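Now for the letters of each chain:
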Amino acid sequence: MHLLVMSSSSGPLTEELQCSICLDVFTDPVTTPCGHNFCKTCLNKCWDNSQTCSCPYCKETFNQRPDLKINTTLRELVDHYKKKSPEKTTEVLCDICEERKLKALKSCLVCQSSYCETHLEPHLRVAGLKKHKLMDPVSNLEDYICQKHERPLDLFCRDDQTCVCLICSVKDHKNHNTVPIEEESEKKKTELMKTQKDVQQMIQNKLKKIQEIKHSAEVRKRFYAELLEMMEEQQKAAEKQEEELIEELEQEITELKMRNTELEQLSHTEDHLHLLQIYSSLCSPTNTRNWPEISVKTHESLETLRRDLTQLKDTIDEKLTQTVSTELKWMQQYAVDVTLDPDTASPYLILSDDGKEVRHGDIEQKLPNKPERFDPCSCVLGKEGFSSGRFYFEVQVKGKTEWDLGVARESINRKGKITLSPSNGYWTVWLRNGNEYKACDDPPVSLCLRVNPQRVGVFVDYEEGLVSFYDVESSSHIYSYTGQSFTEKLYPYFSPSLNYEGKNSNPLIITPVNDNK
């Protein structure tokens, strides 16, 4: 395999791992929001010497200087590349030069020697030598030679995934699929470049998700800050009002005490003329506030605060819904066409002719007892399994009082009693008794949903180990299994549950994505 690695590292792969600023292999690679990669130091120096932050490659300008994080996946690729293709600290010298050895220009796999320009001349002139296989000079020529037949490793066996010589191909690897090593190398380069693009896309998706989460957190933080500021202002205003009211009340109490003293004195006076002269003024209504109304106003202030809090909460909920809607719309681009597999369906289930609907039929049908069939549990899987990438599908659950939905791994137990849990190979949510929702995790998690979902979306990111469930119509998140480790195919999983004398007779329906009927 040495020849394949060295060959692939000398072509386009080197350019893919090269910083466009310093034109060298990446050191601590970072990725810009627009998706291009640079050495962290190179990019920081570039931005330090500029008034704006823009991508040196595509010139896209960023409003704020991005917080650069090391692209660990790309760094691992770079480290692997450097190990397989280390920098040459010593030159390969000509094996023929006797006194002062000159730098080799080419190495010959047939002669197993390296030649300078002068001693290479016969290989470019003599007919027999011109057929020899030349390559860029290397010091470890033995790695490029079949140790068994001492011939160049110039073929690749795709059956055994190893480099072989011509004699190997007609003996030990007879009837195997062998191709020139250059052809396989180019094929591997293409696969590596595709893998890198997939990795870069994953990086961009995760960066985008980070930005979405940060934005959602910032929105929530800003609203709560405004809420606290508003409550603090109202608290200060209320305290000031209370102090003023207390001061006014104390003043009125003082005046009333003075009047009470006068009344007490006059009630025992013998000065009838004076009594009659001031009677009207002492008995007239006091010039004070209507304090019961003050109490009502305070109550109204509290109601205003409650109303403001409710409006603020509604705004926050709206922003969160918008975030989930954006997330859901992104996931829907990975929609797949799911069809139910009749060979896996329980004998009690009835499938529609198009394989898009399933309901419980109460009566056990006489069906072949295949190993892949669920029996007796009322379950069925989708026909197609997935062992990589992302996929998404939607299921109508309208009118049902019980159902199970999710994904299951290929090797699950399908006979007898089944316990839904990730440890048993199931990643599901279910409904029971019309309004009791649960994620069948380890341990199970009860779910409190604002509304009963009519259509459920299921999203899986195989490499990320993620299974998420969404209420499609309300654009709300139901539950997510995160950090899972998938090692085999995953299949869409469905259970319409029992019929319960017609109370749960509606079918589960696999619906086209974005079909709002």
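Residues numbered from 1 in each chain as written. Predicted model: local features only at pLDDT ≥ 70, side-chain atom pairs only at ≥ 80, totals over all residues. Heavy atoms only, no water.

Visitor: Quick question: what am I supposed to make of unusual backbone geometry here?
Guide: Trans is the prevailing form of peptide bonds, just as negative phi is the prevailing case for residues other than glycine. Note that the residue after Asp-375, namely Pro-376, is joined by a cis bond; omega there is 10°. With respect to the helices, strands and loops of the structure, Pro-376 is situated in the loop between strand 12 (357-360) and strand 13 (380-381). Of the consecutive residues Asp-442 and Pro-443, the connecting peptide bond is found in the cis state with omega at 0°. Here the phi dihedral of Gln-161 falls at roughly 55°; this positive angle occurs in a residue that is not glycine. For Gln-161, the position within the fold is in the loop between strand 8 (155-157) and strand 9 (162-164). Taking the relative accessible area as the measure of exposure, Gln-161 reaches 42% and is therefore partly exposed. Of note in the backbone geometry, Asn-175 takes a positive phi value of approximately 70° without being a glycine. Relative to the elements of secondary structure, Asn-175 occurs in the loop between helix 7 (166-170) and strand 10 (178-180). (Helix = DSSP H or I, 4+ residues; strand = E, 2+ residues; numbered from the N terminus. Buried < 20%, exposed > 50% of the residue type's maximum accessible area, 1.4 Å probe, protein only.)

Visitor: I keep staring at the sheet that holds strand 5 (residues 106-108) and nothing clicks. Help me out?
Guide: Picture the strands of a sheet paired through backbone hydrogen bonds; they go either parallel or antiparallel. Taken together, the 3 strands give an open sheet; going across it, the order is 6-5-7, and neighbouring strands pair in antiparallel fashion. Strands at the two margins of the open sheet, each flanked by one partner only, are strand 6 (113-115) and strand 7 (134-135). Two strands pair when backbone bridges link them, and strand 5 and strand 7 are joined in this way by 2 bridges, in the antiparallel orientation. Residue pairing for strand 7: Ser-107 is matched across the bridge by Met-135. (Pairing = 2+ DSSP bridges.)

Visitor: Teacher, can you tell me more about a negative patch on the surface here?
Guide: Residues Glu-239, Glu-242, Glu-243, Glu-244, Glu-247 and Glu-250 make up a contiguous surface patch of negative charge. Along the chain, the position of Glu-239 falls in helix 8 (residues 181-266). Taking the relative accessible area as the measure of exposure, Glu-239 reaches 36% and is therefore partly exposed. (Patch = residues over 30% accessible without salt bridge, like charges linked within 9 Å, V, L, I, M, F, W, Y side chains within 5 Å. Areas by Shrake-Rupley, 256 points an atom, 1.4 Å probe, with all protein chains shown as cover. Salt bridge = Lys/Arg side-chain N within 4 Å of Asp/Glu carboxyl O. Lys, Arg positive; Asp, Glu negative; His and termini not counted. Charge placed at Lys NZ, Arg CZ, Asp CG, Glu CD.)

Visitor: Would you mind showing me how to read the pattern of salt bridges here?
Guide: Oppositely charged side chains may form a pair once their charged atoms are brought near each other. Applying the stated criterion across every chain, the model contains 20 salt bridges. When the shortest N-O distance is used, the salt bridge between Arg-158 and Glu-183 registers 3.8 Å. Here Arg-158, found in the loop between strand 8 and strand 9, pairs with Glu-183, found in helix 8; they are 25 residues apart in sequence, far enough to count as distant. Overall, the relative accessible area of 25% leaves Arg-158 in the partly exposed class.

Visitor: Got a minute to help me understand the packing of aromatic side chains in this structure?
Guide: Any pair of aromatic rings gets described here by the distance separating the centres and the angle formed by the planes. Under the definition given, this model contains 13 aromatic pairs. Look at Phe-374 and Tyr-493: their rings are 6.3 Å apart centre to centre, the planes differ by 70°, and that puts the pair in the edge-to-face class. Residue Phe-374 is found in the loop between strand 12 and strand 13, and its partner Tyr-493 is found in strand 22 (residues 490-495); the two are separated by 119 residues along the sequence. Residue classification places Tyr-493 among the buried positions, given a relative accessible area of 1%. A ring pair is formed by Trp-427 and Phe-486, whose centres lie 5.1 Å apart and whose planes are at 90°; its orientation type is edge-to-face. Of this pair, Trp-427 sits in strand 16 (residues 426-432) while Phe-486 sits in the loop between strand 21 (476-481) and strand 22, and the two are 59 residues apart along the sequence. Here a set of aromatic residues connected by ring pairs shows up, and it is made of Trp-330, Tyr-334 and Phe-459. Sitting above the plane of the Trp-430 ring, Arg-432 keeps its charged end 4.0 Å from the centroid. (Phe/Tyr/Trp six-rings, centres within 6.5 Å; stacked < 30°, edge-to-face > 60°. Lys NZ or Arg CZ within 6 Å of the ring centre and 35° of its normal.)

Visitor: Even after reading the chapter, I still don't get the pairing of strand 16, so can you show me in this structure?
Guide: Within strand 16, 6 of the 7 residues are buried, which leaves it mostly tucked inside the rest of the structure. Summarising the sheet, strand 15 (residues 403-409) and strand 16 pair through 6 bridges and their orientation is antiparallel. What sits directly across from Asp-404, in strand 16, is Trp-430. Bridge count between strand 16 and strand 17 (residues 436-439): 4 bridges; the pairing is antiparallel. Pairing of Trp-430 across the sheet is with Lys-438, part of strand 17.

Visitor: When you look at the pairing of strand 23 (residues 508-511) in this model, what are you seeing that I'm missing?
Guide: The side chains of a regular strand alternate between both faces of the sheet. Here strand 23 shows two buried faces, one formed by Leu-508 and Ile-510 and the other by Ile-509 and Thr-511. Pairing between strand 14 (residues 390-396) and strand 23: 3 bridges, direction antiparallel. Residue pairing for strand 23: Val-395 is matched across the bridge by Ile-510.

Visitor: Please clarify how helix 3 (residues 40-48) should be interpreted in this entry.
Guide: Note on helix geometry: an α-helix contains 3.6 residues per turn, so any two residues three or four positions apart are oriented the same way. Three or more residues of helix 3 are buried, namely Cys-42, Leu-43 and Trp-47. Buried residues of helix 3 fall within an arc of 125° about the axis and therefore sit on the same side. Away from its buried face, by an angle of more than 90 degrees, helix 3 presents the exposed residues Lys-45 and Asp-48. Where helix 3 is buried, its residues contact strand 1 (29-31), strand 2 (37-39), strand 3 (53-54) and strand 4 (61-62). (Arc of directions from axis to C-beta. Contact = heavy atoms within 4.5 Å.)

Visitor: Is there a simple way to explain the sheet that holds strand 13 in this structure?
Guide: Strand order in this open sheet of 6 strands is 13-22-15-16-17-18, and the pairing throughout is antiparallel. Edge strands, defined here as strands with exactly one partner in the open sheet, are strand 13 and strand 18 (445-447).

Visitor: Which parts of the structure should I look at to understand the side chain of Asp-471?
Guide: Along the chain, Asp-471 falls in strand 20 (residues 466-471). A polar contact is formed between the side chain of Asp-471 and the side chain of Ser-474, at a distance of 2.9 Å. Ignoring any residue separated from it by four or fewer positions in sequence, one finds Asp-471 in contact with Val-451, Pro-453, Gln-454, Arg-455, Ser-476 and Ile-478. (Polar contact = N/O pair within 3.5 Å; in protein donor to acceptor, adjacent residues only side chain to side chain.)

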